[in-house]
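# Chain and residue survey
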Amino acid sequence: MRKATPLWYLVRLIVVIAVAGIISVAAEILLFNYQTVESLTFEKTDPSSSRSYDQDGYHYVEYSFDNSEIQDINITSDLPENFEGYSVCSVSAIDEGSSIYYKLGDMYLGPDETYRLHPTGKVQKILVSAGPVTSNVIVENGTKESNARLHKDDLESDVSSSADTTQTSVLAGAGFKKNEDGSIAVMDTLPIGLPSDYDPALYSKRALLSTPGDNILEPGEFYADFAAQFNVQIPIDISKKRLLLIFGGLLLAYALRPSSSLHRGSYKDRSFVVSLFGISSAIVLAVIVTHYGLLSPDATNQKQYIELAKALAEGHLYVDAQPSSALMAMDNPYDTNARIAAGVEYLWDYSYFDGHYYVYFGILPVLLYQLPFYLLTGSELPVVVSVAISSLLLVYGLEFLLLKMCNRWFGDMTKGMFLVLLSILFFGSWVVYACAVPGHYGLPIVTGLACLVWGLSFWIDGTRDNVIRPLESCLGSFLIALTLACRPQLLIGGLLGVVLLLGCSKRMDKKAFLKCLGIAIVPFVVVGLFIGWYNAARYGSPFDFGANYNLTTNDMTHRAFSIDRLPLALFAYLFQSPNLVFRYPYLVPTDLASGYYGLTIAENMWGGIFCLVPLLLCSLLLVFRRFREMLPATPLLMALCSFGCGLVLTIFDANGAGILMRYLMDFGIFFAISSVVSVSFIWRAGSSSNALVSVSGEKGSFKAAGMFLVALLALTVLMQGLWLLNNAV
């Protein structure tokens, strides 16, 4: 058999990519746009008559037909394109199978939406009903929040100075009032029962104000006009994210097929390692590019590092923005409800202390990115660029960490097995979140994770053969210590270094060991002194990082530890099953209902990390003594210690902050390291380097354990893909 040439490999690669691309496009059309294909055969049908009426607080439009085949409905409304709120209408039908209206379903009421209908027979009547539309801008107890969508300048130009009753109602509904001189001003309070926050053009089309009886609007609600067409062509909706996910999944499936060359060659092949760097870079950049538009980069809380860079350039640690006199006069400025009730202006999620605003997030990202860029150019470096760089450093560090672990403990293994282990680290670290939400909140965490994994890599390499090598160990210590300047709780990863050092203490001369140990500790002292000074200069104590002084949803200066928060947090963070529905994008937020009656800060969660990254379930195998006995002493201690660190951080985050999706990045990496160690030894116990397939010549077949591991990988990719399709933030 002739040896394949590089040209042959290149041609095969091009063919594989082309075939995967064609299949991806076909899947996008047939799986996600099949209704568009169906609608090509629809014949547009107009109703014979229609009528509209209001009843019990709902607006109805009834369409009559002459026993027509109704296959879809297109609903248009006067809602704006960027509408954010709750807007649902219901569609019911009378047809050959029912002489009384029966419900076909609830639908989103937007500017222009088309839905496939499935009545039981030819239709006589279609009834569309819609209740009040509710704004996401909350109005509490008649008090209008300060972030009104309508601006005074727009209103002053759009509304005449006449004292017309309709225009006065429009202004009141929008949360504004007209002064005697005709100027526009923000109302101090919003009368209960008035709509709020939307374009005045909406209000002139209907009678929007509350009326006696059933038709009562709550604050933040209004009616929207709508109309319907039937049997129109459903527009095609091609999603770049779906295409990329399908394309990537196909390539991964092809790469790990039983006959793949990845199950024969060693992971030490340099071209393979370089290829992984390139692929991981492409994944990171693709996720960032397809999600960047979801953020509001100009939001005040997204520019904290930029403001801190300007402050540092001016020679002080507080940002330039001045707290309002009302905030400084408050007895307890951290009381969220008191701030809202008094209408106090403040900067969201800055820390306020002793008359100044500070940035309580770790200072390292601004020292690495924003400050140098500002000093060199005088311009602002977008946070998304910083997130991209730190995310790339993290994924490169994950590959470097795995290489060091394999070289020291795992021995030779196939490229396929190495790819599976790297997937555990990649998905388990939850770097996908940082890329999908490339904003301010993820930057200190992903930068801290990059420091952590690179530091661990140098520690593992610097203690090989159970001998401490001062240079590598010192560099590893410095990087681990830098987590204090990013995400302080990640410093717990230093416990893994203790495990490595314990192994060295038994082999090295005591004097030499203590000397090397001292060298390894020096970076922690240096970084600790710097961070201690930084904290003391801002908050008066070297141990106060300032997070408790943040101005957000709750008073953290009075938030005590409560063990009763832990059951819900452990369940939500680790084990809660994803909430799957049979409607795109199929994954919806989970329900955090519990019997805990108290303040728990929570955002939308999409499942526990063991369910969103099923590969991490492999770490739970260490519960069983039979599996623990398969691991050598040092890797076993590493795996157990790493798992323990993950649990501790889960508890810490739950009590210190709440239940938020981005905190999976804090502890996911530790469960991932534990899983990698477990899989490396348990799956390959008593076998050759190939733990996934049995190879015979050019053919191969999955081993039972290997098939299970690949199935976990496939499920992990699926869950991560569904989460990404939700544009989850």
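Here the structure is shown first, and the text comes after it.
Another point: the sheet that holds strand β8 (residues 123-130). An order of β1-β2-β8-β5-β6 is seen for the five strands of this open sheet, with the pairing classed as antiparallel. With one partner strand each, in any of the chains shown, β1 (49-55) and β6 (98-108) form the two edges of the open sheet. Put simply, the sheet's adjacent strands are angled 20 degrees from each other on average, direction ignored. Alignment of strand β2 (residues 58-68) against β8, held across seven bridges, turns out to be antiparallel. The residue bridging H59 from the neighbouring strand is A130, located in β8.

So, on to the pairing of β8. In terms of burial, β8 is a largely internal element, six of the eight residues being buried. With seven bridges connecting them, strand β5 (residues 88-95) and β8 associate as antiparallel partners. Residue pairing in the sheet places I94 in a bridge with K125 of β8.

Moving on, we come to helix α15 (residues 442-462). Across its 21 residues, α15 extends 30 Å between first and last C-alpha, which sits within 8% of the 30 Å expected from 1.5 Å per residue. With 20 of 21 residues buried, α15 lies mostly within the body of the structure.

Peptide bonds are mostly trans, and most non-glycine residues show a negative phi. In this structure, the amide linkage connecting Y584 to the following residue, P585, adopts the cis form with an omega of 5 degrees. Within the secondary structure, P585 sits in the loop between β16 (579-580) and β17 (587-588). Its identity is not glycine, yet D349 carries a phi of approximately 65 degrees, on the positive side. Structurally, D349 is set in the loop between α10 (336-342) and β14 (351-353). What makes D349 buried here is its relative accessible area of 4%. Backbone geometry at W430 places phi at a positive 60 degrees, although glycine is not the residue there. Relative to the assigned elements, W430 resides in the loop between α13 (415-428) and α14 (431-436).

The tally for this structure, following the rule as stated, stands at 13 salt bridges. Salt-bridge contacts for K310 lead to E307; the nearest nitrogen and oxygen are separated by 3.9 Å. Of this pair, K310 and E307 both sit in helix α8 (residues 304-314), three residues apart, which is roughly one turn of the helix. We classify K310 as buried; its relative accessible area is 18%. A salt bridge links E629 to R625; the shortest N-O distance between them is 3.1 Å. Residue classification places E629 among the exposed positions, given a relative accessible area of 56%. Each of K303, E307, K310 and E380 takes part in one network of salt bridges that share partners.

The end-to-end C-alpha distance of helix α1 (residues 6-32), which contains 27 residues, comes to 38 Å, matching closely the 39 Å that a straight helix rising 1.5 Å per residue would cover. Every buried residue belonging to α1 is among V16, A20, S24, A27 and E28, and all of these are buried. For α1, the elements touching its buried residues are α6 (240-255).

Further remarks concern the packing of aromatic side chains. Across all of its chains, the model carries 34 aromatic pairs by this definition. Taken together, a centroid distance of 6.5 Å and an interplanar angle of 10 degrees make the contact between W683 and F708 stacked. With W683 in the loop between α23 (664-682) and β18 (693-696) and F708 in helix α24 (residues 704-725), this residue pair connects regions lying 25 residues apart in the sequence. A network of ring pairs unites the aromatic residues Y573, F575, F610, F643, F667 and F671 as a single cluster.

Attention shifts here to the sheet that holds strand β7 (residues 112-116). Think of a sheet as strands paired side by side through backbone hydrogen bonds, with each pair either parallel or antiparallel. With antiparallel pairing, the three strands of this open sheet are ordered in space as β7-β3-β13. Pairing within the sheet leaves two strands with one partner each, and these edge strands are β7 and β13 (226-230). Strand-to-strand twist in this sheet, taken as the mean axis angle between neighbours without regard to direction, amounts to 20 degrees. Note: strand β3 (residues 72-77) against β7, five bridges, orientation antiparallel. Across the sheet, I73 pairs through a bridge with Y115, a residue of β7.

Conventions used here
- Residues numbered from 1 in each chain as written.
- Predicted model: local features only at pLDDT ≥ 70, side-chain atom pairs only at ≥ 80, totals over all residues.
- Heavy atoms only, no water.
- Pairing = 2+ DSSP bridges.
- Helix = DSSP H or I, 4+ residues; strand = E, 2+ residues; numbered from the N terminus.
- Axes fitted to C-alpha atoms, helices over the stretch in contact; angles between N-to-C directions.
- Buried < 20%, exposed > 50% of the residue type's maximum accessible area, 1.4 Å probe, protein only.
- Expected span 1.5 Å × (residues − 1).
- Salt bridge = Lys/Arg side-chain N within 4 Å of Asp/Glu carboxyl O.
- Contact = heavy atoms within 4.5 Å.
- Phe/Tyr/Trp six-rings, centres within 6.5 Å; stacked < 30°, edge-to-face > 60°.

Any functional reading would require information beyond the geometric quantities listed.
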